[in-house]
Amino acid sequence: MTVEIGSELTCSMGVTDMAASIAWYERVMHCTLLYRVDEIGWCELATPMKGVNIGLSEVENVAQGGGATNVFEVADIDAAKAHLDAEGVRQDGEIRHIEGLVKLVTFYDPDGNCFMFSQSEQSA
């Protein structure tokens with residue numbers, strides 16, 4: 001038996017304040033709210049990447065340090081970092097350059113969920 005993988009991906013993570021998190025994802029990540037179900041503390045937002053959504057689950061406490069890091073490709077990492085700087089987004093240092101491969105910047109949403117922007121050397 002084989003598994004047939006579909007064409008959509010939802011990156012699910014916990015947040016402590018649904019309304020504030022939705023606003024942050026819309027403003028910083030340019031997401032669009034698809035739906036929100038307050039009765040179960042869940043919403044989904046479409047990212048600018050076709051087939052990739054972010055699911056937010058409202059929880060009392062967000063565990064720090066574990067889980068996946070969602071990496072979004074960008075065309076211009078310097079412009080992306082400038083955007084994060086302008087929004088006051090917490091980052092893990094400067095842009096890291098892995099010669100011949102990729103440039104990366106690590107940043108966090110208001111609950112400490114980790115993200116990265118990447119720019120491949122082929123598009124630099």
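Residues numbered from 1 in each chain as written. Predicted model: local features only at pLDDT ≥ 70, side-chain atom pairs only at ≥ 80, totals over all residues. Heavy atoms only, no water.

### Some thoughts on the sheet that holds strand 5 (residues 70–73)
Working step 1: With mixed pairing, the 4 strands of this open sheet are ordered in space as 5-8-7-6. A strand with exactly one partner marks an edge of an open sheet, and here the two such strands are strand 5 and strand 6 (96–98). On average, each strand axis in the sheet is inclined to that of its neighbour by 30 degrees, with strand direction left out of account.
Working step 2: Bridge analysis of strand 6 against strand 7 (residues 102–108) gives 3 bridges, and the strand direction is antiparallel. (Pairing = 2+ DSSP bridges. Helix = DSSP H or I, 4+ residues; strand = E, 2+ residues; numbered from the N terminus. Axes fitted to C-alpha atoms, helices over the stretch in contact; angles between N-to-C directions.)

### Brief notes about the layout of surface pockets
Working step 1: Approximately 180 Å³ is the volume found for the second largest pocket.
Working step 2: Along the walls of the second largest pocket sit 13 residues, with Met-29, His-30, Pro-48, Val-74 and Phe-117 positioned nearest its centre.
Working step 3: Elements that contribute at least two residues to the lining of the second largest pocket include exactly strand 5 and helix 2 (77–86).
Working step 4: Within the lining of the second largest pocket, the residues separate by chemical class into 8 nonpolar, 3 polar and 2 charged. (1 Å grid on protein atoms, 1.4 Å probe; cavity = no way out; pocket = protein on both sides within 12 Å on 5 of 7 lines; lining within 4 Å. Points joined across faces, edges and corners; volume = space filled by probe spheres on them. Nonpolar A, V, L, I, M, F, W, Y, C, P; charged D, E, K, R; others polar.)

### Details of unusual backbone geometry
Working step 1: Phi is positive for His-30, which is not a glycine, with a value near 60 degrees.
Working step 2: By the element assignment, His-30 lies in the loop between helix 1 (18–28) and strand 2 (32–37).
Working step 3: Residue classification places His-30 among the exposed positions, given a relative accessible area of 52%. (Buried < 20%, exposed > 50% of the residue type's maximum accessible area, 1.4 Å probe, protein only.)

### Re helix 2
Working step 1: Considered for burial, the residues of helix 2 that qualify are Ile-77, Ala-80, Lys-81 and Leu-84. All buried residues of helix 2 project into a common sector of 95 degrees when viewed along the axis, lining one side. More than 90 degrees from the buried face of helix 2, the exposed residues found are Asp-78 and Ala-86.
Working step 2: Buried-residue contacts for helix 2 involve helix 1, strand 7 and strand 8 (114–120).
Working step 3: Of the residues that open helix 2, the one with a side-chain oxygen 3.0 Å from the backbone nitrogen of Asp-78 is Asp-76.
Working step 4: Backbone geometry just after helix 2 places Gly-88 at a positive phi near 70 degrees. (Arc of directions from axis to C-beta. Contact = heavy atoms within 4.5 Å. Polar contact = N/O pair within 3.5 Å; in protein donor to acceptor, adjacent residues only side chain to side chain.)

### Describing the pairing of strand 4 (residues 52–58)
Working step 1: Across the 7 residues that make up strand 4, a large majority, 5, are buried.
Working step 2: Of the pairings in the sheet, the one linking strand 1 (residues 9–15) to strand 4 comprises 7 bridges and is parallel in character. Directly across from Cys-11, in strand 4, lies its bridge partner Ile-54.
Working step 3: When strand 3 (residues 42–46) meets strand 4, the two strands line up antiparallel, connected through 5 bridges. Within strand 4, the position partnered with Glu-44 by the bridge is Gly-55.

### What about helix 1?
Working step 1: Listed as buried for helix 1 are Met-18, Ser-21, Ile-22, Trp-24, Tyr-25 and Val-28. End-on view of helix 1: buried residues confined to an arc of 160 degrees, all on one side of the axis.
Working step 2: Put simply, Asp-17 is the residue that caps the front of helix 1, since its side-chain oxygen is 3.3 Å from the backbone nitrogen of Ala-19.
Working step 3: His-30 sits one or two residues past helix 1 and shows a positive phi near 60 degrees.

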